[in-house]
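An overview of the molecular structure
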Amino acid sequence: MTKRRRLIAGNWKMNNTIPEGVVLAQEISNHFERDYADHLDVAVCPPFVDLKPVITVFEFDRTDIAVGAQNVHWEPKGAYTGEISVGMLKDIRCEYCIVGHSERRELFGETNEEVNLKAKALISGGIKPIVCVGESLSMRDSGAYLDYITAQVRAAFAGIDAPAAASCVVAYEPIWAIGTGRTATPEQAEEACAAIRVQLSELYDQATAESMRILYGGSMNEGNADLLLAMPNIDGGLIGGASLNAKSFIKIIEMAL
Ligand code: PEP
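This report concerns the structure included in the present document. (Residues numbered from 1 in each chain as written. Predicted model: local features only at pLDDT ≥ 70, side-chain atom pairs only at ≥ 80, totals over all residues. Heavy atoms only, no water.)

1. Examining the overall build of the protein
Keep this limit in mind: Starting at the N terminus, helices and strands are each numbered in turn, a helix being any DSSP run of H or I of at least four residues and a strand any DSSP run of E of at least two. Here the globule rule reads 2.2 Å times residues to the power 0.38, and the radius of gyration is calculated from C-alpha atoms. Accessible area is worked out with a 1.4 Å probe on protein chains only. A residue is then buried under 20% of its type maximum, exposed over 50%, and partly exposed in between. Contacts are assigned to residue pairs with any non-hydrogen atoms lying within 4.5 Å of each other. Methods summary: accessible areas were calculated by the Shrake-Rupley approach with a probe of 1.4 Å, and residue burial reflects only the protein chains presented.
Within the protein, the regular secondary structure consists of 13 helices and eight strands. A compact globule built from 257 residues would reach a C-alpha radius of gyration of about 18 Å, and the protein, at 17 Å, matches this within 12%. For the protein, the C-alpha atoms occupy an extent of roughly 45 × 45 × 35 Å along the three principal directions. Among the 257 residues that make up the protein, the fraction classed as buried is 53%. Excluding contacts between residues fewer than 6 apart, the proportion of contacts in the protein whose partners are at least 24 apart in sequence is 75%. Of the accessible surface of the protein, which amounts to about 11200 Å², a share of 54% is contributed by carbon and sulfur atoms.

And the structure:
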């Protein structure tokens, strides 16, 4: 079985002005031991305006932490007021981009089709998509949540071939656990992540599915990360609230080593 390299990614959401973002990046950089990067990948996903300053902090310090965006448009350029292209992200050395976060799906109407277009555009531009999927509480209570999540995976990866899919990360983020302090149990998270991997093996092949990283996200913090990360199909975390505190974020990274 392929040994997957874990990924701990922080989603700053709409938090931190440029000065605040630089201070947080500097704190993370100061606490980040050089050998962490021998064992796992770490990324932070700040708001658009913070991307370049945060990248500059890590590059100046030679800290091996990647930077990702939280959204992108699939068209390369043109009359799309308010949007950012893959080329623009690539130009400033973004390595990841979150797509299909439940907040974007719920608050901004991002559809499965758009998630797919964004993922394809990112792959073509050499940026790794972090494709978010996850069910609402009512969907979980209905019992049909695994069907719902795997359908989101099929839609996100439509028309993407195996080598391209292998560059992608999937994040299982149950909506009822995001920002609520109510974390999925390790067993609940593992069940969903395992189902996602089975779905990927059906879409592609066993080797591709085994090579792809599947993260858990939803109120992950230094108090629960170790048990979640101990699950065989959980290859890291997408961390919101706890990634806004350098010490908490570093503790989670250390738990993933
Ligand atoms: C997220 O926004 O991706 C997330 C998981 O947030 P939180 O950790 O705050 O629940």
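2. Side note on the nonpolar core
For soluble globular proteins, the rule of thumb is that nonpolar side chains tend to be buried together. What counts, and what does not: Working definition of a nonpolar core: buried Ala, Val, Leu, Ile, Met, Phe, Trp, Tyr and Cys residues. They are joined through side-chain atoms within 4.5 Å.
Counting residues in each nonpolar core, the largest one holds 71 residues, and the members touching the most others are Ile8, Ile28, Phe157, Ile196, Leu200, Tyr216 and Ile253. For this core, the element with the highest residue contribution is helix H13 (residues 246–256), accounting for six residues. In contact with Ile8, other than residues within four places in its own chain, are Leu40, Asp41, Val42, Ala43, Leu229, Gly236, Gly237, Ile239, Phe249, Ile252, Ile253 and Ala256. Leu7, Cys45, Ile98 and Val169 belong to the second-largest nonpolar core, a separate cluster that totals 13 residues.

3. Topic: the sheet that holds strand E4 (residues 96–99)
Formally: Whether two strands pair depends on DSSP finding at least two bridges between them. Note on geometry: axes are lines fitted to C-alpha atoms, helical ones only across the stretch in contact, with angles between N-to-C directions running from 0 to 180 degrees.
Read around the closed barrel, eight strands run E1-E2-E3-E4-E5-E6-E7-E8, paired in parallel fashion. Between one strand and the next, the sheet's axes are offset by a mean angle of 25 degrees, whatever the strand orientation. With six bridges joining them, strand E1 (residues 6–11) and strand E2 (residues 40–45) adopt parallel strand pairing. In the strand pairing of E2, Arg6 is matched with Leu40.

4. A look at the site of the ligand
Counted only if it meets this: Residue proximity to a molecule or strand is established when one non-hydrogen atom of the residue lies within 4 Å of it. Nitrogen and oxygen atoms within 3.5 Å of one another constitute a polar contact, given that in protein one can donate a hydrogen and the other can accept it, and given that sequence-neighbouring residues count only through two side-chain atoms. As a working rule, the residues Ala, Val, Leu, Ile, Met, Phe, Trp, Tyr, Cys and Pro are called nonpolar, Asp, Glu, Lys and Arg charged, and the rest polar, with Gly in that last group.
Lining the immediate environment of the ligand, one finds 14 residues, of which Lys13, Glu173, Gly179, Ser219 and Gly240 sit closest. Note that an oxygen atom of the ligand is positioned 2.9 Å from one of the side-chain N or O atoms of His101. Contact distances for the ligand include 2.6 Å between an oxygen atom and a backbone N or O atom of Gly179. Within the complex, 96% of the 290 Å² of free accessible area of the ligand lies under protein. Of the residues contributing to the shell around the ligand, the split by class is four nonpolar, eight polar and two charged.

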